[in-house]
Amino acid sequence: MSPVLRPRRLRTTPAMRRLVRETRPRPEQLVLPVFVGSTAAPIPSMPGVARVTVDGVVDEARQVRDLGLGGIMVFGVPEESEKDDVGSQGWAPDGIAQRAIERIRDAVGDDVVTMIDTCLDEFTSHGHCGVLDDAGRVDNDATLECYARMAVAQARAGAHVVAPSGMMDGQVEAIRGALDGEGFADVAILAYSAKYASAFYGPFRDAVGSSLQGDRRTYQQDPANRREGLREALLDLAEGADMVMVKPASHYLDVVSDVAAASDVPVAAYQVSGEYSMIEAAAAQGWINRRAAIEESVTGIVRAGADVVLTYWAKELAGWWR
Ligand code: PBG
């Protein structure tokens, strides 16, 4: 054994390991996703996560502020009877998500970054992220008009950041144009750029009461495609995205890394519902160390290059990383 090539020297004590640690994730780079509906209810497939009411979301936002988190991402969950084929509750001024944003801004102002999902799937009767043409296909350009309307309604309600997640071509450009045209030049766009057709969204679809039959494979990406993830991010940058996101996170760290290397804007990654529920389920069985697994999963996402991480553990992590 060579007397010089001994990397274990830097692992000898906790203090030494702390000194040379390369990745130091912080609460201020975490964003808490919240589900807002007309009634509060636990989400069975996401133990520890609950849907909250508009009143409840105010409490969540105050916690996000007090814990020093970076922001909150709102998902509106309308009543079944409020869904229609175009998802019009997504831009109704009194739609659930718009009311949630207004209340959050009233309560915490600019102290946390208030973000909102800009996508139709929670609001459409068929559960797709866009509107359908006569043949039942998701119509890209007709959907862009809905997204533009939705982003403006969200900005009017007070969102700092709108986050188009429907994977329509041209969605960032369409939304940017609409926001600027209505005087919302300061509202930022966090583009879900590389969003894959993932099995790990299963618990989320429970959480939002998704009506989807079939799948989203004509708009979300094939999980096998790495290069295409970078291409999607570069297109969104060219269209004016202020931040770009990769989703899911843990199984797509190569894509996070590629996008981080190429992006000249901040990169986010979304640790999705299935990533959350798998660790919770294994920990509940006593099969893995819960805290260590959670910290390792989020550290890995930051190590790969994410500047911002959306995670359902944001509040708990902030407590640990105070
Ligand atoms: C679509 C959307 C999805 C998620 C957030 N917004 C995915 C989908 O249903 O295809 C997933 C989030 C998660 O799983 O935690 N608007």
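Asks: Requested: an account of the overall build of the protein chain, with residues and values cited.
Replies: Within the protein chain, the regular secondary structure consists of eleven helices and ten strands. Its C-alpha radius of gyration of 20 Å places the protein chain within 12% of the 20 Å reference for a compact globule of 322 residues. Across the 322 residues of the protein chain, 54% fall into the buried class. Taking all contacts inside the protein chain whose residues are at least 6 apart in sequence as the whole, residues at least 24 apart take part in 73%. Element-wise, carbon and sulfur atoms account for 49% of the exposed surface of the protein chain, whose accessible area totals about 14300 Å². Counting 33 positive and 46 negative side-chain charges, the protein chain places the centres of these two groups 12 Å from one another.

Asks: Before we move on, could you go through the pattern of salt bridges and cite the residues and values that matter?
Replies: Side chains carrying opposite charge are able to pair once their charged atoms draw close together. This model, assessed by the stated rule, comprises 15 salt bridges. Between Arg65 and Asp66 there is a salt bridge; the shortest N-O distance is 3.0 Å. Taking the relative accessible area as the measure of exposure, Arg65 reaches 28% and is therefore partly exposed. Here Asp258 ties to Arg226 by a salt bridge, and the two come within 2.8 Å at their closest N and O atoms. Pair noted here: Asp258 is in helix α8 (residues 253-262) and Arg226 is in the loop between α6 (202-207) and α7 (227-238), with a separation of 32 residues, a long-range link. In the salt-bridge network here, residues are joined through shared partners; they are Arg176, Asp180 and Asp242.

Asks: Tell me what's going on with the site of the ligand, and back it up with residues and numbers.
Replies: Around the ligand, the structure places 18 residues, and the nearest of them are Asp121, Arg216, Lys247, Ser273 and Tyr312. Contact distances for the ligand include 2.8 Å between an oxygen atom and a side-chain N or O atom of Gln220. Within the side chain of Ser273, a nitrogen or oxygen atom sits 2.7 Å from an oxygen atom of the ligand. Calculation on the ligand without its partners gives an accessible area of 400 Å², and the protein chains cover 100% of this total. In a pocket analysis with a 2 Å cut-off to the grid points, the ligand is assigned to the largest cavity. Classifying every residue of the shell around the ligand by side-chain character gives eight nonpolar, three polar and seven charged.

Asks: Would you mind going over the sheet that holds strand β10 (residues 308-310) in detail, with residue names and values included?
Replies: Pairing is parallel around the closed barrel formed by eight strands, whose spatial order is β1-β4-β5-β6-β7-β8-β9-β10. Taken pair by pair, the neighbouring strands of this sheet meet at an average axis angle of 25 degrees, ignoring direction. Here strand β4 (residues 71-76) pairs with strand β5 (residues 113-118) via four bridges, running parallel. Looking at β5, one finds that Met73 is bridged to Met115. Contacts between helix α2 (residues 54-66) and the sheet are confined to β1 (30-36) and β4, with β1 contributing the most and set at about 170 degrees to the helix. Helix-sheet contacts for helix α3 (residues 96-108) involve β1, β4 and β5, and the interaxial angle to β5 is about 175 degrees.

Parameters and conventions
Residues numbered from 1 in each chain as written. Predicted model: local features only at pLDDT ≥ 70, side-chain atom pairs only at ≥ 80, totals over all residues. Heavy atoms only, no water. Helix = DSSP H or I, 4+ residues; strand = E, 2+ residues; numbered from the N terminus. Rg over C-alpha atoms; globule rule 2.2 N^0.38 Å. Buried < 20%, exposed > 50% of the residue type's maximum accessible area, 1.4 Å probe, protein only. Contact = heavy atoms within 4.5 Å. Areas by Shrake-Rupley, 256 points an atom, 1.4 Å probe, with all protein chains shown as cover. Lys, Arg positive; Asp, Glu negative; His and termini not counted. Charge placed at Lys NZ, Arg CZ, Asp CG, Glu CD. Salt bridge = Lys/Arg side-chain N within 4 Å of Asp/Glu carboxyl O. Near = heavy atom within 4 Å. Polar contact = N/O pair within 3.5 Å; in protein donor to acceptor, adjacent residues only side chain to side chain. 1 Å grid on protein atoms, 1.4 Å probe; cavity = no way out; pocket = protein on both sides within 12 Å on 5 of 7 lines; lining within 4 Å. Sits in = over half its atoms within 2 Å of the grid points. Nonpolar A, V, L, I, M, F, W, Y, C, P; charged D, E, K, R; others polar. Pairing = 2+ DSSP bridges. Axes fitted to C-alpha atoms, helices over the stretch in contact; angles between N-to-C directions.

Note that every value here comes from positions in space, so none of it alone points to a role or purpose.
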